[in-house]
Amino acid sequence: MSTPVPAEWSGYRRADGRKGIRNVVAVAYLVECAHHVAREIAAPYGDDGVHVVGFPGCYPNGYAFRMLSRLCTHPNVGAVLLVSLGCESLPRTELQEIVADSGRPVETLVIQERGGTRSTVAAGRAWVASQIAALAGAERVAMTIEELTIGTVCGGSDGTSGLTANPAVGRAFDALVGAGATCIFEETLEMVGCEEDLAQRAATPELAVELRESVAKAERYSVAMGYPSFAAGNATGGLTTIEEKSLGAYSKSGRGQVHGLIKPGDIPERNGLFLLDVVPDGDSRWGFPNINDSVEIAELISCGAHAILFTTGRGSVVGSAIAPVIKVCANPETYAQLSEDMDIDAGRILDGRGTLDDVAAEIRGLVAEVAAGRLTVSESLGHREFVLGYKSFEPIGPACHPAPLPMAAA
Amino acid sequence: MAELDESTQHGLRGATVNGAAPAPYVRLGEHDNVVVLARHVDAGDSFAGLSGEIWTMAAHLDVGNKLAAVPIAAGDRVFKVGVPIGTATRAIEPGEHVHSHNLRSDHIPIELEEETR
C-alpha cells in the first residue's frame, strides 16, 4: 500500500477499556409501542449524535436482549436512554444495570408511569440535552489501528460486485488485519460453494469443521425457507446462481487466515479475522434470517465493529445507527446514477481508471479518516437505519474460539 | 479459489480483436466458458467474439451479465473466475446470454419473482 495511513487518532475511552470513534447518545425503545416516543425524543437532536435503536417485539427473546445490551454498551455509545411502555417483556431493569455497570450514564423512562406520550417526550428530551452537553466535554485519548474493529457486508449485489468492490474490500481487510486490526465478515448464506476454501483458511482443524458446518447450516436454512440469499435485483444485475453470487460475496473476506467464528453479540477475544454466523441455530422457525441488510449491519456492530464497509452493485443508500457505514460502489453505471450516496467508486476498476490495489488503498485510507472523525456520506445525509428481529442462537463451542495470539496483545 | 490478478485487470479494459472497437466484455478466468460484460450492451450491438467471429446482441443487457465464450452443451458445467457456477440446461451458442433461462444452480434452485418496476 503506498497511501500513507494515519497510525493514530483520538478516540473516546470507555470505562471497560474499549475505545470508540463516535460519542453517540443511544435512545432505545424496548417494544414497538414505545418507538414513536423514542423517535420524538431524538428528533430535535438529529445533528447532535442522538441515535434511535430498539426492539419491536413484545415477547421475550434472548438474542434481542443480548443485541440491545451489546449495542447500548458499544464503544461508540456514550450515554443511553431506555424508553419502555411498561408491560413489554424485555427486562428493562436488567438492561439498565448492564449499561450502568459499563460506566455509562443511563436513564429509563416508563411511559405508563410518566403520564403518557407528551410527558415522557419532555422528560426524555431534557435528559438527552443534558447528556449531549456532558459528552461534548468528553476526554479524547490516543487510539490505534490495533484497537479498531471493522465489519463488512454487501447489499444489492450484481455481476460487478465480485469483480470490483468485494475483492477490493478483501484486499483492504488483508491490509487492516496485517496492521493489527480486527475484521469481521459474515453472510454464510452467500458462501455456498466456497466452504472448502473457507475451511482451508481456518487457524485450527477444529475451527475448519465449525466453518464448514456454519455454511452447511446456512444452506439447510435457505432450503427450508424456499429461497437462498438471492433477490430479484441480483438476477437483473446478471447473477444467475447462488454459487455465482457466493463467489463474489466471499471475496470480501480477503485471503488471510480465519482466527475464529462468532455469533451476534460475541466480541472477538483477540485481533484478527473472524466469521460472524448470523443464521439462527435449531429449527428454521424465525422466518428469513436477514430480512434486509440493516439487520446484518446491526449484528456486525453488536460484535464491536466501529465502522462498516458496505459494498453495493445495484446501489443501496443505507447507513446505520451507532456506527458509520462506508459505501463502496461496485458498478460504474450505478455510481454515475447515485454518486451522492457513495463513498468510494470501486467500479472505476472496470473502465481502467484504477486497479484493485488502488481501490483497496483508498478504502483503507478512508477507514482511518472515518475513525478520526470524518463523516461518511450516509452519516452526513442522516441515514441511521436500524432493524432488530427475533432469532435464537446456541453459544459458540470451544472450537470456535480463537487460538491465542502468538505474542502478548498490545 | 481463483481471484482477479493484475493480468485480469488489464483484461477489464476490454479486449481488442483485429483493430475493431474494444469488446465490452472480459474473460475472468483463463479456461472460463463465459465472459462478463464490463459495460451495458443494447439490442443490435455487434462486436468481435473470442475467436474473431461477430457476436450480435439480441437484447439490452446490463453490466455484469454473462455471454457464452465458446459453444456450451446441455449438461456442461459453467465456469467463471475458474469456479463452477452451475450447469447449462440447454445448448448455448458463443455470444448468447447465459442466465436463468439456460443455467441452473448445482446447489439451490432459485425461483424469482419479477423485480418491481
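As shown above, the structure is provided for reference.
The structure reproduced in this document is the subject of the present report. (Residues numbered from 1 in each chain as written. Chains lettered and ligands numbered in written order. Predicted model: local features only at pLDDT ≥ 70, side-chain atom pairs only at ≥ 80, totals over all residues. Heavy atoms only, no water.)

1. Digging into the environment of V83(A)
All names here are of chain A. On the secondary structure map, V83 appears in strand β5 (residues 77-84). Taking relative accessible area as the criterion, V83 reaches 0% and is therefore assigned buried. The spatial distance from the C-alpha of V83 to the C-alpha of G313 is 37 Å, given a sequence separation of 230 residues. Leaving out residues up to four positions away in the same chain, V83 has contacts with V27, A28, Y29, L30, A34, V37, A38, I41, L109 and I111. (Helix = DSSP H or I, 4+ residues; strand = E, 2+ residues; numbered from the N terminus. Buried < 20%, exposed > 50% of the residue type's maximum accessible area, 1.4 Å probe, protein only. Contact = heavy atoms within 4.5 Å.)

2. Focus on the interface of chain A and chain B
Listed as interface residues are 42 residues of chain A and, on the opposing side, 40 residues of chain B. Note on chain A versus chain B: buried area summed over both sides is about 3400 Å², and carbon and sulfur give 59% of it. On the surface where chain A and chain B come into contact, there are two salt bridges. Residue E244(A) pairs with K80(B) through a salt bridge whose shortest N-O separation is 2.8 Å. At the boundary of chain A and chain B, one finds 10 residue pairs in polar contact (both at pLDDT 80 or more). Going through the elements one at a time, α5 (165-178), α7 (205-225), α8 (232-236), α9 (242-250) and α12 (356-371) of chain A are the ones with two or more residues in the side of chain A that touches chain B. (Buried area = accessible area lost by both parts, 1.4 Å probe. Salt bridge = Lys/Arg side-chain N within 4 Å of Asp/Glu carboxyl O. Polar contact = N/O pair within 3.5 Å; in protein donor to acceptor, adjacent residues only side chain to side chain.)

3. Examining helix α4 (residues 117-136) of chain A
All names here are of chain A. With 20 residues, α4 should reach 28 Å at 1.5 Å per residue; the first-to-last C-alpha distance of 28 Å fits that figure. Within the sequence span of α4, burial applies to T120, V121, G124, W127, V128, Q131, I132 and L135. Along the axis of α4, the buried residues cluster in a sector spanning 145 degrees; they form a single face. Residues of α4 that are exposed and angled more than 90 degrees away from the buried face: R118, A126 and A133. Looking at the packing, one finds that the buried side of α4 touches β3 (24-29), α1 (35-42), β4 (50-54), β5 and β6 (106-110). (Expected span 1.5 Å × (residues − 1). Arc of directions from axis to C-beta.)

4. Focus: the side chain of T87(B)
Residues and elements named next belong to chain B. Summarising the element assignment, T87 is placed in strand β7 (residues 83-88). Exposure remark for T87: the relative accessible area of 9% places this residue in the buried category. Sequence-distant contacts of T87, that is, excluding residues within four places in its chain, are made with G75, D76, R77, N102, L103, R104 and D106.

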